[in-house]
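Residues per chain are reported as follows:
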Amino acid sequence: DVYKRQESYLHHTQSGNKVLMLHDRLSGGEYHGIFEILTENHILFDVMEHWCLGSEEMPRELSSYELVVLPDIARLSEEQCALLDQFVAEGGNILATGLPSTQDEIGNPMDKIRLKALGVEAAYEPFDKVQGTYFRIFDRDKEVLGAKTFQGFDLVYAWEKGMLCEPLESAEAYLGFIPPAMIGPPEKCYYTEVTEIPGLIHNSYGKGQTALLTFRLGSIYHHTRHYGHAALIMTMLNTLLDFRPDLHLDDSPMVEVTRQMDPNKDFEWYGLLNHTGQLGNAFFKPVPLYETSLRVKPQMAVKSVKSLKGGQTLNFELKEDGWIQVLLPELTSYD
């Protein structure tokens, strides 16, 4: 009934998001894990199949985005690599994980990293998914990445596929690879070697920047939901790549937010989905959330705000630089 009553707002809209994430069916859990991290932190993003890149199937020009996320997108053609490099050179940013650009478009191994913008040597050494593999967060890393975020947190579990690579002189390297050590009680099993082989590489390329995490962090997060993995992705996004989201939601990570815009710029809407009733693959009645505070930066001046589900007009407060603050009195399943 809500969709029938509000059809004029819900049909023929388009995305106005600044982040694009590519999807490759072979990346599996990596895509799901990065998707979950961004969603839980209320980052608005679009998803596009990786094979659309550079084709007529692209719904928007690549240059209309500020950031492209590559969750272990290994399969890329030479033309697609060149397009992504150009995107960064002209001021775009890339956040990449795993082994990006190491295969051609149909999956043949190329035995080299072909994205020049990543700031690493082309040659690399892959490593397999082995228990006891870690990366060390050095004290010097915390000074840049955020001492408060990584306080008392020195290791990142890397039980996934990844690669060992050499950063170029122009790039900044963080974390140190710890080769597989014995797994068991900590009083009996511990690592003995910490190398300077980096796990996180930040590079400036032309007018843009890239941040590369050299293992499949998303796949681990998808299965473990460890704080450290999400913290690394968000630090890459906000600290290294200087991304500034145009939405802030001071509420539970269980609230998923999407946004669509009218092509004529007469309106835009934000969809809030309350996931508190979800337990694994089961869905129950969600826990109502009260006084959800939404701070957004619309693309046009705002005349009014209303709830499409309830139909009531909502009060909003104008903030600096075009931001507005909206308080949703109650969020049940969605609005």
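A brief report on the enclosed structure follows. Since this is a predicted model, take the numbers as computed values, not measurements.

## Thoughts on the pairing of strand β2 (residues 46–49)
Working step 1: Judged by which residues are buried, β2 turns out to be one-sided: D46 and M48 face inward and are buried, whereas V47 and E49, on the alternate face, are not.
Working step 2: Note that strand β1 (residues 19–23) and β2 share four bridges and pair parallel. Note on β2: the bridge partner recorded for L22 is M48.
Working step 3: Between β1 and its parallel partner β2, the chain crosses via helix α3 (residues 29–40), and the hand of that crossover is right-handed.

## As for the sheet that holds strand β11 (residues 200–205)
Working step 1: Read from one edge to the other, the open sheet built from seven strands follows the order β2-β1-β3-β4-β12-β11-β9, with strand pairing classed as mixed. Strand pairing shows two members of the sheet lacking a second neighbour, β2 and β9 (172–174), which therefore form its edges. On average, adjacent strands in this sheet sit at an angle of 20° to one another, irrespective of strand direction.
Working step 2: When strand β4 (residues 93–97) meets strand β12 (residues 208–213), the two strands line up parallel, connected through five bridges. Its bridge partner being in β12, L95 is matched across the sheet by A211.

## Considerations on the sheet that holds strand β13 (residues 247–249)
Working step 1: In space, the four strands of this open sheet follow the order β13-β18-β22-β21, with antiparallel pairing throughout. Edge strands, defined here as strands with exactly one partner in the open sheet, are β13 and β21 (316–318). Strand-to-strand, the axes of this sheet are offset by a mean angle of 20°, without reference to chain direction.
Working step 2: Two elements, β21 and strand β22 (residues 324–331), share three bridges in a ladder whose sense is antiparallel. Following the sheet pairing, F316 is matched in β22 by V326.

## A few points about the packing of helix α6 (residues 217–224) against helix α7 (residues 227–240)
Working step 1: Put simply, α6 and α7 touch, their axes get as near as 9 Å, and they point 140° apart. With respect to each other, α6 and α7 are oriented oblique. In terms of crossing hand, the pair formed by α6 and α7 is left-handed. For the pair formed by α6 and α7, the contact residues are L217, I220, Y221 and T224 on the first element and H229, A230, L232 and I233 on the second.
Working step 2: When the residues that make up the contact of α6 with α7 are grouped by side-chain class, the tally is six nonpolar, two polar and no charged.

## A few points about the packing of aromatic side chains
Working step 1: Applying the stated criterion across every chain, the model contains eleven aromatic pairs.
Working step 2: Ring geometry for Y9 versus F267: centroids 4.9 Å apart, planes at 80°, classification edge-to-face. In this pair, Y9 is assigned in helix α2 (residues 7–10) and F267 in the loop between β14 (255–261) and β15 (268–274), connecting sequence segments 258 residues apart.
Working step 3: For Y9, a relative accessible area of 26% gives the class partly exposed.
Working step 4: Measuring from ring centre to ring centre gives 6.0 Å for F150 and F153, while their planes differ by 10°; the resulting arrangement is stacked.
Working step 5: If you follow R60 out to its NZ or CZ, it ends over the ring of Y65, 3.9 Å from the centre.
Working step 6: We note R295 situated over the ring of W323; from NZ or CZ to the ring centre the distance is 4.5 Å.

## With respect to the side chain of S15
Working step 1: Relative to the assigned elements, S15 resides in the loop between α2 and β1.
Working step 2: Residue classification places S15 among the buried residues on the basis of a relative accessible area of 17%.
Working step 3: There is a polar contact of 3.0 Å between the side chain of S15 and the backbone nitrogen of N17.
Working step 4: Aside from chain neighbours lying at most four places away, what touches S15 is D46, R60 and Q260.

## Side note on the nonpolar core
Working step 1: If you look at the biggest cluster of nonpolar residues, it comprises 40 residues, and the most contacted ones within it are L200 and F215.
Working step 2: Listing elements by their share of this core, those giving two or more residues are β1, α3, β3 (67–71), β12, α6 and α7.
Working step 3: Those residues in contact with L200 that lie beyond four places of it in its chain are L145, E172, A173, Y174, L175, L212, L213, L232, M236 and L240.
Working step 4: Counting 30 residues, the second largest nonpolar core, distinct from the first, contains M58, L62, C81 and L84.

## Topic: unusual backbone geometry
Working step 1: Non-glycine residue R225 carries a positive phi angle of around 55°.
Working step 2: By the secondary structure assignment, R225 is in the loop between α6 and α7.
Working step 3: Although it is not a glycine, D242 adopts a positive phi angle of roughly 55°.
Working step 4: Of note, D242 is situated in the loop between α7 and β13.
Working step 5: The class of D242 is partly exposed, set by a relative accessible area of 45%.

How each quantity is defined
- Residues numbered from 1 in each chain as written.
- Predicted model: local features only at pLDDT ≥ 70, side-chain atom pairs only at ≥ 80, totals over all residues.
- Heavy atoms only, no water.
- Buried < 20%, exposed > 50% of the residue type's maximum accessible area, 1.4 Å probe, protein only.
- Helix = DSSP H or I, 4+ residues; strand = E, 2+ residues; numbered from the N terminus.
- Pairing = 2+ DSSP bridges.
- Right-handed = clockwise from strand over helix to strand, strands pointing away.
- Axes fitted to C-alpha atoms, helices over the stretch in contact; angles between N-to-C directions.
- Parallel < 35°, antiparallel > 145°, perpendicular 65-115°, else oblique.
- Left-handed = near helix turned anticlockwise from the far one by under 90°.
- Contact = heavy atoms within 4.5 Å.
- Nonpolar A, V, L, I, M, F, W, Y, C, P; charged D, E, K, R; others polar.
- Phe/Tyr/Trp six-rings, centres within 6.5 Å; stacked < 30°, edge-to-face > 60°.
- Lys NZ or Arg CZ within 6 Å of the ring centre and 35° of its normal.
- Polar contact = N/O pair within 3.5 Å; in protein donor to acceptor, adjacent residues only side chain to side chain.
- Core = buried A, V, L, I, M, F, W, Y, C linked by side-chain atoms within 4.5 Å.

Note that every value here comes from positions in space, so none of it alone points to a role or purpose.
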